[in-house]
Amino acid sequence: MSLKLHNTLTRRLEDFQPLKGKKVGLYACGPTVYDYAHIGNLRSYIIWDVLHRALEYNGFKVKHVMNITDVGHLTGDDEGEDKMEKGARREHKSAWEVAEFYTKIFMQNLADLDIRRPDVICKATDHIKEQIKLIKKIEKNGFAYATTDGIYFDTAKLADYGKLAQLKKQDLRAGIRVAVGGKKHSADFALWKFSPKLKKRQMEWKSPWGVGFPGWHIECSAMSAKYLGLPFDIHCGGIDHIPVHHTNEIAQTEAAEGVTPARFWIHNEFLNMGEEKMAKSLGNFIALDTLKEKNITPLAYRFFILQTHYRKQLTFSWPALAAAQNGLKHLYGAAAELPKKSSVSMHSDEQTGQIKDEFLTAINNDLDTPAALAIVWQAVKEKTISQKTLFEFDKVLGLKIKENLEKPTEEISVAAQTLIRERDKARAKKDWEKSDELRDDLARLGYTVMDTPSGTRITK
Ligand code: AMP
Ligand code: ZN
């Protein structure tokens, strides 16, 4: 059963096969670390984590690379302030400190959401040499020109520029000419920007063209090629990246190396706030910490995301999130009631096999997580799978079911919690008689007692 993924390049569902054996090179555009990632951004990272896990579930070995944009992403496409310097001004810190601070928080967000750490996490500022080398190649091949403001990519030179976004030539050219230091066409974009003459930037480097900093798109072309080779298998991003960032990444690599960098381009839809997308620039964003403050766990957010297909828009609401949290709690509770392993009396191997097939079919149908969750729900409710099978499914879902099997503590009455503490004390003193008495007391309250190395555990 092959994995089918929607490829933005062809606008079709295609059978996925790696370019080389069983190894998959996966590149996902990382965050711009000038502020907190919002939960819309985190929707993207949850989805790509599911993609990574689904590839492994299909027996592939994944090398997952993610960049950290810590320079060169301007508030406008080629104009405006560098977002890092903007963050620095806001927080009275250096741009470097701002980058370090928000990168750390972002990595914690990933861990909280049970998103596996990518194999390679690479910063734009650590790869200036590679970016300069690539720009030189683009220039040598005749695709670059200088303006008073920087070195620009000449989109008119590339016959099929804009193919990813299916941009039409006339649309591209009809745009009002943007006079950024004399750009030739509105779609042309900066490869290297010069530092302002009268102001010293916090982040700037020498280059063959003058002191300055790289344009935003060049980092991804340089680093994906460095860590994955060309071409590689899959490139991911949010749908906002289709018309500009990824279109320009493709143009750069085609101009320099004559190849389209990746075979598959996967794009996720937005998380919206009301009618609008959630965005830092729109000021309507919620960070993961805000959810935590409202007692919504990160995994409940992950569960909420998995309930909608990644190519559908999703509207945020607090009641929907609370419902997801409840749903996840129920799933944990129901999972605790399942037998540990399949037994003959419970159901046949054939039935387990069939449910596993259904689950794989859903996941392999362009990561249809809502369908996969429906299959899981039904099987758990009807007790037609064992915990062992459920944990296998959770390798793709990443909901930490195994770790959360115990009943949530708030379901255990205060009286029972007191008895547990007393019993732990009695056992520490090796007072077995007292310990057994307390076990009986707990049984009268309806709890079954288990002794574990970390103390008394009970289930209702
Ligand atoms: P940024 O930090 O702005 O570079 O964005 C990081 C990732 O989040 C990119 O892949 C964006 O496409 C994606 N993204 C931005 N806003 C949203 C949103 N509201 N919903 C889902 N993904 C988003
Ligand atoms: Zn990128």
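Residues numbered from 1 in each chain as written. Chains lettered and ligands numbered in written order. Predicted model: local features only at pLDDT ≥ 70, side-chain atom pairs only at ≥ 80, totals over all residues. Heavy atoms only, no water.

Asks: I tried to follow the pairing of strand S7 (residues 150-153) on my own but got confused; where do I start?
Replies: One face of the sheet, then the other: side chains in a regular strand alternate in exactly this way. Bridge analysis of strand S6 (residues 144-146) against S7 gives three bridges, and the strand direction is antiparallel. Note on S7: the bridge partner recorded for Ala146 is Ile151. Linking S6 to S7, which pair antiparallel, is a turn of three residues. In the sheet, S7 pairs with strand S8 (residues 189-194) via four bridges, with the strands oriented antiparallel. If you follow Tyr152 over to S8, its bridge partner there is Ala190. (Pairing = 2+ DSSP bridges. Helix = DSSP H or I, 4+ residues; strand = E, 2+ residues; numbered from the N terminus.)

Asks: How should I be thinking about the coordination of the zinc ion (ligand 2) in this particular structure?
Replies: Around a metal, the perfect tetrahedron of four donors has angles of 109.5 degrees, and the perfect octahedron of six donors has angles of 90 or 180 degrees. Within the first shell, the zinc ion (ligand 2) binds the protein through Cys29 (SG), Cys220 (SG) and His245 (NE2), at distances of 2.1 to 2.2 Å. Every donor residue of the zinc ion (ligand 2) comes from the same chain, spaced as C-x190-C-x24-H. Of this pair, Cys29 sits in the loop between strand S3 (23-28) and helix H1 (39-57) while Cys220 sits in helix H6 (residues 218-228); the two residues are 191 residues apart in sequence, bridging distant segments of the chain. The class for Cys29 is buried, based on a relative accessible area of 5%. (Donors = N, O, S within 2.8 Å, 3.2 Å for Na, K, Ca; no water. Buried < 20%, exposed > 50% of the residue type's maximum accessible area, 1.4 Å probe, protein only.)

Asks: I'm lost on the pattern of salt bridges in this one. Help?
Replies: One side chain can pair with another of opposite charge once the charged atoms of both are near each other. Applying the stated rule across the entire model yields 25 salt bridges. Across the salt bridge formed by Arg53 and Asp114, the nearest N and O atoms sit 3.6 Å from each other. Linking Arg53 in helix H1 with Asp114 in the loop between helix H3 (95-112) and strand S5 (120-123), this pair joins segments that are 61 residues apart in sequence. Like Arg53, the residue Asp114 is buried in the burial classification. Among the ionic pairs, Lys137 bridges to Glu257, the shortest N-O distance being 3.1 Å. Of this pair, Lys137 sits in helix H4 (residues 128-140) while Glu257 sits in helix H7 (residues 242-257); the two residues are 120 residues apart in sequence, bridging distant segments of the chain. Within this structure, Asp35, Arg90, Glu91 and Lys93 form a network of salt bridges that share partners. (Salt bridge = Lys/Arg side-chain N within 4 Å of Asp/Glu carboxyl O.)

Asks: Help me out: how do you make sense of the nonpolar core in this one?
Replies: For soluble globular proteins, nonpolar side chains are generally found buried alongside one another. By size, the foremost hydrophobic cluster in this structure holds 109 residues, and its most contacted members are Ile39, Ile138, Ile234 and Tyr301. Domain assignment of the residues forming this core places at least three in each of domain 1 (18-268) and domain 2 (282-404). Listed in part, the 15 residues of the second largest apolar core include Tyr27, Ala165, Cys220 and Met223. (Core = buried A, V, L, I, M, F, W, Y, C linked by side-chain atoms within 4.5 Å. Domains from an automatic or database assignment.)

Asks: Honestly, the site of ligand 1 in this entry has me stumped. Any pointers?
Replies: By nearness alone, 19 residues border ligand 1, and Gly40, Ser44, Asp240, Leu271 and Met278 come closest of all. Take Gly238: an N or O atom from its main chain is 3.2 Å from an oxygen atom of ligand 1. Leu271 is positioned such that a nitrogen or oxygen atom in its backbone is 2.8 Å from a nitrogen atom of ligand 1. For the shell around ligand 1, the secondary-structure elements that each account for two or more residues are H1 and strand S10 (232-238). Here the element with the most residues in the shell around ligand 1 is H1; it accounts for five residues. Of the residues belonging to the shell around ligand 1, the class tally is six nonpolar, 10 polar and three charged. (Near = heavy atom within 4 Å. Polar contact = N/O pair within 3.5 Å; in protein donor to acceptor, adjacent residues only side chain to side chain. Nonpolar A, V, L, I, M, F, W, Y, C, P; charged D, E, K, R; others polar.)

Asks: Sorry if this is basic, but what is going on with the sheet that holds strand S13 (residues 276-277) here?
Replies: The strands that make up a sheet pair up through hydrogen bonds in the backbone, lying either parallel or antiparallel. Strand order across the open sheet formed by three strands is S13-S12-S14, with mixed pairing between neighbours. Both outer strands of the open sheet, S13 and strand S14 (314-315), are each paired with one neighbouring strand and no more. With two bridges connecting them, strand S12 (residues 271-273) and S13 associate as antiparallel partners. Bridging across to S13, Met273 finds its partner in Glu276.

Asks: Honestly, a positive patch on the surface in this entry has me stumped. Any pointers?
Replies: A grouping of Arg421, Lys425, Lys429 and Lys434 is seen on the molecular surface, where their side chains present a positively charged patch. On the secondary structure map, Arg421 appears in helix H14 (residues 414-428). Look at Arg421 and you get exposed, because its relative accessible area is 52%. (Patch = residues over 30% accessible without salt bridge, like charges linked within 9 Å, V, L, I, M, F, W, Y side chains within 5 Å. Areas by Shrake-Rupley, 256 points an atom, 1.4 Å probe, with all protein chains shown as cover. Lys, Arg positive; Asp, Glu negative; His and termini not counted. Charge placed at Lys NZ, Arg CZ, Asp CG, Glu CD.)

Asks: Looking at this structure, how should I read the domain arrangement of the protein?
Replies: How large an interface is tends to be reported as the accessible area lost when its parts come together. Along its sequence, the protein is carved into domain 1 (18-268), domain 2 (282-404) and domain 3 (409-459). Between domain 1 and domain 2, the C-alpha centre-to-centre distance is 33 Å. Contacts between the two partners involve 26 residues from domain 1 and, on the opposite side, 34 residues from domain 2. Here domain 1 packs against domain 2, burying approximately 2500 Å² in sum over the two surfaces, 65% of which is carbon and sulfur. Interface area lost by domain 1 to domain 2 is led by Ile39, Arg43 and Tyr57, which between them contribute 31%. Along the contact surface separating domain 1 from domain 2 lie two salt bridges. Where Asp49 meets Arg302, a salt bridge forms, and the shortest distance between an N and an O atom there is 2.9 Å. Joining domain 1 to domain 2, the criterion identifies 10 residue pairs in polar contact (both at pLDDT 80 or more). (Contact = heavy atoms within 4.5 Å. Buried area = accessible area lost by both parts, 1.4 Å probe.)

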